[in-house]
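Coordinates in review
One letter stands for each residue in the lines below.
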Amino acid sequence: STRHCPWKMNQLPPKSPVASPVSESTNSRVEALDSLSMDSFWLEVENIKQSAEAEQEECSLADVKTQEEGEAEAEWLQDAGLAELLGDADKDKDNLVLLSTLTRTQAAAVQRRLDTYSRSRRRRNKAPVRHVRDVFSSQDTAAEKEEPSPDPLWHNLRTSNTQRKTQDYSCTVRNPGKEEVFNMDVAYSEQAAVLLKGSFLSEPRKLKDGNALTRFKIPKGRLGVTRIGDLSAQDMKKIPTLALIELTALCDILGFELKRNKAAKLKTTEKRLFGVPLNTLLENDQKLLPNTKVPLLLQALLSCLEKRGLETEGILRVSGSQTRIKSLEQKLERDFYSGLFCWDEVHQNDVSGLLKRFIRELPAPLLTAEYLPAFAAVQNIPDLKQRLQALNLLILILPESNRNTLKALLEFLSKVVARENNNKMNLWNVSTVMAPNLFMHKGLPNKIPEGKEKQLAEGAADVVRMMIHYQDLLWTVSSFLVAQVRKLNESNSKRYQFCDKRIKNLLRKIHTDKDKVEKNQGEPSKIVKVHTSLLLKDSLEVHLNNATRVADVLRQFQKNLCQNGWNIVNTVNLLKCNNTMECTNLLLYEVGGNIGEHCLDPDTYLLDLYHINPHAEWIIKQNPPGPRMF
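What you see is a predicted model; the values in this text were computed from it and never measured.

Our focus in this paragraph is the overall build of the chain. Within the chain, the regular secondary structure consists of 24 helices and eleven strands. Put simply, the chain has 630 residues, and 52% of those count as buried. Taking contacts inside the chain between residues at least 6 apart in sequence as the whole, the part at least 24 apart equals 81%.

Once that is clear, we can look at the pattern of salt bridges. Across all of its chains, the model carries 22 salt bridges by this definition. Where R113 meets D252, a salt bridge forms, and the shortest distance between an N and an O atom there is 2.9 Å. With R113 in helix α4 (residues 104-123) and D252 in helix α9 (residues 239-254), the pair connects residues that are 139 residues apart, well separated along the chain. With respect to burial, R113 and D252 carry one shared label: buried. Put simply, D608 and R222 hold a salt bridge, and the shortest N to O gap is 3.0 Å. Taken as a pair, D608 in helix α24 (residues 606-612) and R222 in the loop between β2 (215-217) and β3 (226-227) lie far apart in primary sequence, 386 residues in all. Connected through shared salt-bridge partners, K220, R549, D552, R555, D601 and D603 make up one network.

For the rest of this paragraph, the subject is the pairing of strand β11 (residues 617-622). Inspection of the sheet shows strand β5 (residues 526-531) paired to β11 by two bridges, in the parallel sense. Note that in β11 the partner of H531 across the bridge is I619. By the bridge criterion, six bridges tie strand β9 (residues 586-592) to β11 in an arrangement that is antiparallel. Opposite Y589, over in β11, you have I619 as the bridge partner.

To continue, consider the nonpolar core. Residues L316, F375, F439 and M467 are the most contacted members of the largest nonpolar core, which totals 130 residues. Sorting elements by how many residues they give to this core places α9 first, with ten residues. For F375, the residues in contact, after removing those within four places along its chain, are L367, L391, L394, I395, L398, F439, V463 and M467. With 20 residues, the next largest nonpolar core counts V550, F557, L586 and A616 among its residues.

The subject of this paragraph is the sheet that holds β9. With mixed pairing, five strands are arranged side by side in an open sheet as β6-β5-β11-β9-β10. Strand pairing shows two members of the sheet lacking a second neighbour, β6 (540-544) and β10 (595-599), which therefore form its edges. Across the sheet, the mean angle separating the axes of adjacent strands is 30 degrees when strand polarity is ignored. Where β5 lies against β6, five bridges are found, and the strand directions are antiparallel. Within β6, the position partnered with K526 by the bridge is L544. Taken strand by strand, helix α21 (residues 479-490) contacts β9 and β10, and its axis lies near 150 degrees from that of β10.

On to the side chain of E590, then. Following the sequence through the fold, E590 ends up in strand β9. A relative accessible area of 0% places E590 in the buried class. Within the structure, the side chain of E590 is placed 2.8 Å from the side chain of R486, a separation counted as a polar contact. Within the local environment of E590, its side chain forms a polar contact with the side chain of N613, the two groups lying 2.7 Å apart. Apart from residues lying up to four places away in sequence, E590 is in contact with R486, I595, G596, E597, H598, L600, L609, N613, A616, E617 and W618.

Taken residue by residue, helix α10 (residues 278-288) has L278, L281, L282 and D285 as its buried positions. Angular distribution of buried residues about the axis of α10 spans 95 degrees; they occupy a single face of the element.

The contact between α10 and helix α16 (residues 400-418) brings their axes to 9 Å, and the two run at 85 degrees. If you check the angle between α10 and α16, you find them roughly perpendicular. Contact residues: L278, N279 and L282 in α10; S401, N402 and T405 in α16. Per-class residue counts for the contact of α10 with α16 are two nonpolar, four polar and no charged.

Moving on, we come to α21. Between its first and last C-alpha, α21 extends 17 Å over twelve residues, near the 16 Å set by a 1.5 Å rise per residue. Those residues of α21 lying buried are F480, L481, V482, Q484, V485, R486, L488 and N489.

This part takes up the packing of helix α11 (residues 296-308) against α16. Contact geometry of α11 with α16 gives a least axis separation of 11 Å together with a crossing angle of 5 degrees. By the angle class used here, α11 and α16 are roughly parallel. Counting all contacts with α11, which are made through L298, L302, L305 and E306, the residues of α16 involved are T405, A408, L409, F412 and K415. Taken together, the residues of the contact of α11 with α16 sort by class into six nonpolar, one polar and two charged.

The next thing to look at is unusual backbone geometry. Phi is positive for L316, close to 80 degrees, though the residue is something other than glycine. Note that L316 resides in the loop between α11 and α12 (322-335). Non-glycine residue T368 carries a positive phi angle of around 75 degrees. By secondary structure assignment, the location of T368 is in the loop between α13 (348-361) and α14 (372-377).

So, how was this worked out
- Residues numbered from 1 in each chain as written.
- Predicted model: local features only at pLDDT ≥ 70, side-chain atom pairs only at ≥ 80, totals over all residues.
- Heavy atoms only, no water.
- Helix = DSSP H or I, 4+ residues; strand = E, 2+ residues; numbered from the N terminus.
- Buried < 20%, exposed > 50% of the residue type's maximum accessible area, 1.4 Å probe, protein only.
- Contact = heavy atoms within 4.5 Å.
- Salt bridge = Lys/Arg side-chain N within 4 Å of Asp/Glu carboxyl O.
- Pairing = 2+ DSSP bridges.
- Core = buried A, V, L, I, M, F, W, Y, C linked by side-chain atoms within 4.5 Å.
- Axes fitted to C-alpha atoms, helices over the stretch in contact; angles between N-to-C directions.
- Polar contact = N/O pair within 3.5 Å; in protein donor to acceptor, adjacent residues only side chain to side chain.
- Arc of directions from axis to C-beta.
- Parallel < 35°, antiparallel > 145°, perpendicular 65-115°, else oblique.
- Nonpolar A, V, L, I, M, F, W, Y, C, P; charged D, E, K, R; others polar.
- Expected span 1.5 Å × (residues − 1).

Set out below in structure tokens:
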């Protein structure tokens, strides 16, 4: 089998390759791209190739060994926080509480990989592995000698996926420009399972700009919307494992295999800026500026381009001088941290060349070596909404440093597109130029099916286009994932006994307990105290009803602050307008209980939140000042 992943730099396709025949379903979404120029893509590929040849770079590729059966499943279970299922029964079971948060489709994904791993171990005649029936203490000892009966849900999903291989996706096409609802309250895989009996909508990729692309609106539930950055670092650490399980469950239902690479090891470099791992860069930068989340060099490159390059015609597309770019790289290595490097006289096309070079020279791809194939494979999902669901989960899986750096880059690219009238760079132009820099990496061995170059190139450019255009949506933490984080935190004080035969039986018990709790959430009103951090010595007493929102509390705080003469401890950065205090830079945080710390959406209904987390404290804090929030 061949991977739908990037191509080796020494196996570049011709500028105008002939596309091989593809399925009708793929043609319905890709043929419209024929009217779009891919010249920028192939020109960028050629520039990258010439740059590599000029420096006579030798790629030190890691040897990729063929994984034995079961190894991929073992790695997946470890990355999903379920390593205990592979180990000894006497080991710590802390991570097993993760199972109590799973939906039916997520549980089926775990069950499938555990069963595959168990069968592979038995076939290799190795020591018995803890089977899922052992984990959940099966009381039927006779059944232990037999293969487990197929999980009904997984059996149905597998049957549906087998039938889907010949399914015709050329169904009703989405209306460009129409606004649609993007549901984040229900797990994506559960939504896909509901659609199994229906048809999938396909989005034609025929637009050169984003003005008429389908618009998606995230409906705000009673608990508001949570963005990346609203959760504490402690809670965000739980998100990647949950997102991985959900992404796997979604791919299972859609009939796509989630492929992951092993990271390739490159030769170490003595440089301080280019070719240095992101984490190393950030560690060095944080010695100068604590709390730095995006490499200072990247910030400097983006800042320079934003000040003087956004209006430049062909910015990013028109290549600078390779000789000048190499010279500038050497000067930056020498003078950047000393502050002696002068940006004023640098040509903007050379700066854009340095930007792309910085991304390409990272020892590991910005999208990570492990998940680069998954990002590339998103193009194979026929439904636009489900492509965005998969991208949203992949963004959440990325390491924090990669995610923050990618967001800074995408924000800049959005600004380039916004100046299209002056710089002649629309959304598709920018996407085709940046795709090779994000999806080509010299450190990864890749194999492209013959005749697939054009299809993969267009797909990679389309993935970049989606990340640029829908980045606000993609940087949102789904409500169902936040709910699972709350359940994980609650498990620190309440442990479920894993004594059922199957995961689905455990889930039934969890959901029954949940229903009991929800029946007790009938209080029509509540009086609570809101702490005010360092702003005031007093706390704010708030009467909650079904209509009380975070924004109402902040307005009440503003009113009392101005009228009641409270004893203000710290008024730094409080904005004044007509002798009144504005609450525009004040935020309400939920702290403790079943959450670490959560910055609340202004439209969150607080009585609903209180019922979900009655033991939390609510604290008003100031929005941290800063010109750029990464």
